[in-house]
Amino acid sequence: NPLQRFGAMPPFLKQGSVIGITCPASFIPAEKVHHCVAVLEGKGFRVKVGNTIGTNHHYFSGTDESRTADLQAMLDDPAIDAIMMGRGGYGMSRIIDRLDFTAFAQKPKWICGFSDITLLLNHVEQNFGIPTLHSPMCGSFREDTLQDEHLKSFYAAIGGGQVVYPATTSTYNRPGLAEGILTGGNLSLLAHNVGSRSDVETTGKILFIEDIEEYLYKMDRMLLTLKRAGKLDKLKGLIVGYMTNMLDTERPFGQTIEEIIRDKVAEYNYPVCFNFPCGHEDVNYTLTMGAMHRLSVTESGAQLEIMR
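Just so you know, these numbers come straight off a predicted model, no measurement behind them.

Colleague: If you had to explain the environment of Gly195 to someone new, which residues and values would you point to?
Modeller: Tracing the backbone through its elements, the reader meets Gly195 in the loop between helix H7 (187–193) and strand E8 (206–212). Linking Gly195 and Ala229, residues 34 residues apart in sequence, is a C-alpha distance of 8.6 Å.

Following this line, the structure appears as structure tokens:
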């Protein structure tokens, strides 16, 4: 029963809470982080910037050793209430097995990020039952986005407020009502995780997926990986976020991404929601992974809400 894995919610943030920023994967320019710091401080948070901000080692924000040390220090620091990742890209799976979560498990804190960070979110949920935030990262927090609704959802989620997520209707939606723990993230990482210690259990849960710039045949293959691993057959519901800039081969694959997903879950009867406003686009709502949610899909659209 996945509900038995439901761990303690990390304490919600308030004025003066400390957010650490680290880059455990790809390089991010320091100025993007500085913009984010200014916005978060303007919201009343204190910010502690890690040693991997603005540094680089080839594709990454530092060596595997330096990225591990920076994230480990923030996991261990009792004064830090949440950890925001600078950006995704690639690199989390190179360091995940080096991390020690002992102090984190004893005093949970919010881990915030998405894309490549899906691996860390899944790892924490599966091994410790502690909720995390599938959320925008540093590049999204700018002065010109200060009042955007999707960033308001981040502040609400990390502060314990109520968040209701609307989604436009889709001809591919399958109506229904579901309640369950929300899990998932980037499809490439979910497939990458299968069989590893970071492989998240999906039975009885609402699964969220999104991705960017992948070939349609690879998306088909990754969905088959999940299906063959039993990840799609016992869901309470499926939420499909942005499938951004999908690519096709010279000889067309022959199906759209919506058709590919629809066919993979055609034999099941749980609700399916497309066009959910989360993923690799400017509008990227924050989701509380590992927490109970209610999903309602009707002919006129869909709505997801956290169950406090």
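Colleague: Residue-level account of the pattern of salt bridges, with values.
Modeller: Applying the stated rule across the entire model yields 16 salt bridges. In this structure, the salt-bridge partner of Glu149 is Lys152, at a minimum N-O distance of 3.3 Å. Of this pair, Glu149 and Lys152 both sit in helix H6 (residues 149–159), separated by three residues, roughly a single helical turn. In this structure Glu149 comes out as partly exposed when scored by relative accessible area, which is 47%. Among the residues examined, Lys152 registers a relative accessible area of 35% and is labelled partly exposed. Note that Glu267 and Lys227 form a salt bridge whose closest N and O atoms lie 2.6 Å from each other. Residue Glu267 is found in the loop between helix H9 (257–264) and strand E10 (272–273), and its partner Lys227 is found in helix H8 (residues 216–228); the two are separated by 40 residues along the sequence. Classification of Glu267 by relative accessible area gives exposed; the value is 58%. When its relative accessible area of 22% is taken as the criterion, Lys227 is described as partly exposed. Through salt bridges that share partners, Asp64, Glu65, Arg67, Arg94 and Arg98 make up one connected network.

Colleague: Could you give me a rundown of the packing of aromatic side chains, with the residues and numbers involved?
Modeller: Counted by the stated rule, this structure contains 15 aromatic pairs. Centroid distance Phe60 to Tyr90: 6.0 Å. Interplanar angle 50°. Geometry classified as tilted. With Phe60 in the loop between strand E2 (46–49) and helix H2 (64–76) and Tyr90 in the loop between strand E3 (82–85) and helix H3 (92–95), the pair connects residues that are 30 residues apart, well separated along the chain. Here the guanidinium or amino end of Lys43 rests over the ring plane of Tyr155, the centre of that ring lying 4.7 Å away. Its end group placed over the ring of Tyr270, Arg174 keeps NZ or CZ at 5.4 Å from the ring centre.

Criteria and cut-off values
- Residues numbered from 1 in each chain as written.
- Predicted model: local features only at pLDDT ≥ 70, side-chain atom pairs only at ≥ 80, totals over all residues.
- Heavy atoms only, no water.
- Helix = DSSP H or I, 4+ residues; strand = E, 2+ residues; numbered from the N terminus.
- Salt bridge = Lys/Arg side-chain N within 4 Å of Asp/Glu carboxyl O.
- Buried < 20%, exposed > 50% of the residue type's maximum accessible area, 1.4 Å probe, protein only.
- Phe/Tyr/Trp six-rings, centres within 6.5 Å; stacked < 30°, edge-to-face > 60°.
- Lys NZ or Arg CZ within 6 Å of the ring centre and 35° of its normal.

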